[in-house]
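# A structural walkthrough
Here's the letter readout for the chains.
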Amino acid sequence: MYKVLIVEDEAPSARKLKMLLGKIVEDFEVINILESIEECLEFFESGEQVDLIFMDIHLSDGNSFEVFDQMEVDTPIIFTTAFDQYAIKAFKQNSIDYLLKPINASDLEKSVEKFKKIYASDNSSNESINYELLGKMVAQQVSQEYKERFMVSYRDELRSIRVEDIAYIFAESKAVFIQVNDGKVYDINYTMDQVEKNLNPKKFFRINRKYIVQIDAIESVSWYSKTKLRVFTTPEIPTELFVPADKITKFKDWLNQ
């Protein structure tokens, strides 16, 4: 029987993960659910041993990587988060996998199988196998440097627009535009997909195929129906902007980062 620790500050997410594990594997026992960095430090200092940790990156009192700044943790970890920008940092720890929320049963099962394949074998070979896996995983990740400025043409001038001054980006008539906080609009020679890849996902969210919004430009969010959220921005978007049902959970997690 494998002893499992869940580190998750959102009770519904912790319950769902524990439920999924109960359905997927019979030899996992969740011995504890922790909600904070402080609780993690106390747990590890107690000397209690577990075989696997599922750890959310954003906790109630900070970033879970702070735990590893204060102590060494040898237990294999599967990180869980709503954001993918921490992948490289996660794999610098004793990480087996990196699951994006909302976690589905298929991805979880693959992570569990990966854990068993590595750690159910002879413990003496675990370290070398894990570092081999780590190298492969990191090699597959691209160290992303996000754009800080967009060069735009304005009349006879070239202007450099800071990303932090952009309220939202939108597509219209096969062109892409940036709406700046001061009310000005500029067209840019990018597709929406290209823009999205170049922006920090902590700051910008792709609401739909036509709009990407900056978190500080959001004035308010309200329920439009049971399956739709309406977003209000400053400067105001001239059309109604809705978060579709399949993005609501990820959008709320993004707002709550």
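All values reported here derive from a predicted model rather than from experimental measurement.

## Quick look at the overall build of the protein chain
Looking only at helices and strands, the protein chain has 8 helices and 17 strands in total. With 257 residues in all, the protein chain has 43% of them scored as buried. If you take every contact in the protein chain between residues at least 6 apart in sequence, the share linking residues at least 24 apart comes to 51%.

## Some thoughts on the pairing of strand β15 (residues 218-225)
Pairing of β15 with strand β16 (residues 228-233), which is carried by 6 bridges, proceeds in the antiparallel orientation. In the strand pairing of β16, S222 is matched with R230. Counted between consecutive antiparallel strands, the loop separating β15 from β16 contains 2 residues.

## Considering the sheet that holds strand β17 (residues 241-243)
Read across the sheet, 3 strands follow the order β15-β16-β17 without closing on themselves; strand pairing throughout is antiparallel. The strands lining the two open edges of the sheet, one partner per strand, are β15 and β17. Each adjacent strand pair in this sheet contributes to an overall mean axis angle of 35°, direction not counted. Of the pairings in the sheet, the one linking β16 to β17 comprises 3 bridges and is antiparallel in character.

## Observations regarding the sheet that holds strand β14 (residues 211-214)
If you walk across this open sheet you meet the 5 strands as β12-β11-β10-β14-β13, and the pairing is antiparallel. The open sheet is flanked by β12 (185-188) and β13 (204-206), the only strands paired with a single partner. Neighbour-to-neighbour, the strand axes of the sheet open up by a mean angle of 20°, direction not taken into account. Bridge count for β13 against β14 is 3 bridges, and the pairing is antiparallel. Bridge pairing in β14 links F205 to V213. Packing of helix α8 (residues 248-255) onto the sheet brings it into contact with β13 and β14, and relative to β13 it is tilted by some 175°.

## What about a negative patch on the surface?
A cluster of acidic side chains, namely E35, E38, E39, E42, E45, D61, E66 and D69, defines a negative patch on the protein surface. Mapped onto the negative patch, the elements with two or more residues apiece are α2 (37-45) and α3 (65-70). The element contributing the most residues to the negative patch is α2, with 4 residues. With respect to the helices, strands and loops of the structure, E39 is situated in helix α2.

## Structural notes on the confidence of the model for the protein chain
On average, the protein chain scores 85 in pLDDT, and the residues at 70 or more come to 85%. Across the protein chain, the element-wise mean pLDDT spans from 45 in helix α6 (residues 126-140) up to 97 in β14. The model gives residues 122-144 a pLDDT under 50, and that stretch makes 24 contacts with residues more than four places away or in other chains.

## A closer look at helix α1 (residues 11-24)
Between its first and last C-alpha atoms α1 spans 20 Å; for 14 residues at 1.5 Å apiece the expected length is 20 Å, and the two agree. Buried residues belonging to α1 abut β1 (2-7), β2 (28-34), β3 (52-56) and α5 (105-119).

## Looking at the packing of aromatic side chains
According to the stated counting rule, one finds 17 aromatic pairs in the structure shown. Measuring from ring centre to ring centre gives 5.2 Å for F205 and F251, while their planes differ by 70°; the resulting arrangement is edge-to-face. In this pair, F205 is assigned in strand β13 and F251 in helix α8, connecting sequence segments 46 residues apart. The class for F251 is buried, based on a relative accessible area of 0%. Through successive ring pairs, a cluster of aromatic residues spans Y168, F170, F177 and Y211. For the cation-ring pair, K147 lies above F150, with the distance from its terminal atom to the ring centre recorded as 5.2 Å. The ring of F242 carries the charged tip of K228 above its face, separated from the ring centre by 4.8 Å.

## Overview of the packing of α1 against α5
Look at α1 against α5: their axes get within 10 Å of each other, and the N-to-C directions meet at 65°. When the axis of α1 is compared with that of α5, the two are roughly perpendicular. Remark: the crossing between α1 and α5 carries right-handed chirality. On α5, the residues touching L17, L20, L21 and I24 of α1 are A105, L108, E109 and V112. Taken together, the residues of the contact of α1 with α5 sort by class into 7 nonpolar, no polar and 1 charged.

Criteria and cut-off values
- Residues numbered from 1 in each chain as written.
- Predicted model: local features only at pLDDT ≥ 70, side-chain atom pairs only at ≥ 80, totals over all residues.
- Heavy atoms only, no water.
- Helix = DSSP H or I, 4+ residues; strand = E, 2+ residues; numbered from the N terminus.
- Buried < 20%, exposed > 50% of the residue type's maximum accessible area, 1.4 Å probe, protein only.
- Contact = heavy atoms within 4.5 Å.
- Pairing = 2+ DSSP bridges.
- Axes fitted to C-alpha atoms, helices over the stretch in contact; angles between N-to-C directions.
- Patch = residues over 30% accessible without salt bridge, like charges linked within 9 Å, V, L, I, M, F, W, Y side chains within 5 Å.
- Areas by Shrake-Rupley, 256 points an atom, 1.4 Å probe, with all protein chains shown as cover.
- Salt bridge = Lys/Arg side-chain N within 4 Å of Asp/Glu carboxyl O.
- Lys, Arg positive; Asp, Glu negative; His and termini not counted.
- Charge placed at Lys NZ, Arg CZ, Asp CG, Glu CD.
- pLDDT = per-residue confidence, 0-100.
- Expected span 1.5 Å × (residues − 1).
- Phe/Tyr/Trp six-rings, centres within 6.5 Å; stacked < 30°, edge-to-face > 60°.
- Lys NZ or Arg CZ within 6 Å of the ring centre and 35° of its normal.
- Parallel < 35°, antiparallel > 145°, perpendicular 65-115°, else oblique.
- Left-handed = near helix turned anticlockwise from the far one by under 90°.
- Nonpolar A, V, L, I, M, F, W, Y, C, P; charged D, E, K, R; others polar.

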